[in-house]
Amino acid sequence: MIHHDPEFVITLQRVIEFIGTFAFALSGIRLAASKHYDWLGGFVCGIAVAIGGGTIRDVMLGVRPFWMLSPIYMICTLFAQCVVIVCHHYLRRLDATWFLFDTLGLALFNIAGIQKTLECGFPFWVAIIMGCITGAAGGVIRDVLLNEEPVIFRKEIYAMACVVGGLTYWLLSWLQVSLYITVIATFAIVCAIRFLAVKYHISLPKLRDEE
């Protein structure tokens, strides 16, 4: 496997986590606003979806949760809430806004989860699982708080997009492709699968009990 500058990898990981935090927080606060939660409720939903998956990942990896190392993630969530408060009239007209930011957050946090797991010395199959947890668990927490059926259990492709993204990251790394291209390709694959699955109503087969 190709070796990359550790400092560059860490910097890239932090940038991805920051952008993913904003995207996920915005999706959570936007959904909370649609249910008429107050400002505190919206912030709680935003921070839960923004740091939930990463917190579970870090606890399982045996490292300090990423948001405890810097207040920037809390500040980022607060900024996302300000955007929703100030621009709520505009966001209200964009019914797909929450879906867009949820998908961006899913793809970005999936990549962050993979990179951090590999950085901790775990094998790639563990990294793929941790990428799924990082990307999807926050959305589950958000949906539980909002009394919604978790999106990961619905017919829409969600966690499987992370699995395919993880396999893409592994394949490109095995082929020693540049980290820039690997990250961009993984991001594009996860987003494309999510968008196409929703647009064309693609889903996994349903479990059926005996009739």
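Residues numbered from 1 in each chain as written. Predicted model: local features only at pLDDT ≥ 70, side-chain atom pairs only at ≥ 80, totals over all residues. Heavy atoms only, no water.

With an unreviewed UniProt entry as reference, the protein is termed Trimeric intracellular cation channel family protein, source organism Segatella hominis. Of the protein, the UniProt comment under Subcellular location (unreviewed entry) reads exactly: "Cell membrane". Comment text from UniProt for the protein, heading Sequence similarities (unreviewed entry), reads "Belongs to the UPF0126 family." (UniProt positions renumbered as here; feature names shortened; annotations may be inferred.)

**What to know about the pattern of salt bridges**
What the rule picks out here adds up to six salt bridges. Note that D102 is salt-bridged to R142, the shortest N-O span being 2.8 Å. Taken as a pair, D102 in helix α5 (residues 97-119) and R142 in helix α6 (residues 124-145) lie far apart in primary sequence, 40 residues in all. Residue D102 shares its accessibility class with R142, and that shared class is buried. In this structure, a network of salt bridges that share partners links the residues D102, R142, D143 and R194. (Salt bridge = Lys/Arg side-chain N within 4 Å of Asp/Glu carboxyl O. Helix = DSSP H or I, 4+ residues; strand = E, 2+ residues; numbered from the N terminus. Buried < 20%, exposed > 50% of the residue type's maximum accessible area, 1.4 Å probe, protein only.)

**Considerations on the environment of K199**
When you line up the elements, K199 lands in helix α8 (residues 179-199). On the basis of relative accessible area, K199 is assigned to the exposed category, the value being 57%. Taking the C-alpha atoms as reference points, K199 and P65, 134 residues apart in sequence, are found 35 Å from one another.

**Side note on the UniProt feature "transmembrane region" (unreviewed entry) in the protein**
Annotation from UniProt places "transmembrane region" (unreviewed entry) at residues 15-33, 40-60, 72-91, 98-118, 124-145, 157-173 and 179-198. Helix makes up 100% of residues 40-60 and strand 0%, and the two end C-alpha atoms of the span are 29 Å apart. Segment residues 157-173 splits into 88% helix and 0% strand. End C-alpha atoms: 25 Å apart.

**Description of the nonpolar core**
In this structure, F24, L106, Y158 and V190 are the most contacted members of the largest nonpolar core, which totals 15 residues. Setting aside residues no more than four positions away along its own chain, F24 makes contact with V49, A50, F101, D102, G105, L106, F109, T134, G135 and Y158. With 13 residues, the next largest nonpolar core counts V9, A127, I128 and Y169 among its residues. (Core = buried A, V, L, I, M, F, W, Y, C linked by side-chain atoms within 4.5 Å. Contact = heavy atoms within 4.5 Å.)

**Structural notes on unusual backbone geometry**
Both trends apply: most residues other than glycine have a negative phi, and most peptide bonds are in trans. With a phi angle near 65°, H36 is a residue other than glycine that sits in the positive phi range. Structurally, the position occupied by H36 is in the loop between α1 (6-34) and α2 (39-61). Given a relative accessible area of 73%, H36 falls into the exposed group. Even without being a glycine, H201 presents a positive backbone phi close to 55°.

**Thoughts on the packing of aromatic side chains**
For the coordinates displayed, the defined rule picks out five aromatic pairs. A centroid spacing of 5.6 Å and a plane angle of 35° characterise the contact between F22 and F79, whose relative ring orientation is tilted. In this pair, F22 is assigned in helix α1 and F79 in helix α3 (residues 72-86), connecting sequence segments 57 residues apart. Centroid distance F24 to F109: 5.4 Å. Interplanar angle 85°. Geometry classified as edge-to-face. Within this pair, whereas F24 is found in helix α1, its partner F109 is found in helix α5, the two being separated by 85 residues in sequence. Of the two residues examined, F24 and F109, each falls in the buried class. (Phe/Tyr/Trp six-rings, centres within 6.5 Å; stacked < 30°, edge-to-face > 60°.)

**Concerning α2**
Helix length check: α2, at 23 residues, gives a terminal C-alpha distance of 33 Å against a target of 33 Å (1.5 Å per residue), a fit within 8%. I51 marks the point of greatest bend in α2, at about 40°. For α2, the N-terminal cap is D38; the gap from its side-chain oxygen to the backbone nitrogen of L40 is 3.2 Å. Positive phi shows up at G62, right after α2, with a value of about 80°. (Expected span 1.5 Å × (residues − 1). Bend = angle between axes of the 7 residues up to and from the residue. Polar contact = N/O pair within 3.5 Å; in protein donor to acceptor, adjacent residues only side chain to side chain.)

**Concerning the environment of Q176**
When you line up the elements, Q176 lands in the loop between α7 (159-174) and α8. Measuring from C-alpha to C-alpha, the distance between Q176 and I157 comes to 29 Å, with 19 residues separating the pair along the chain.

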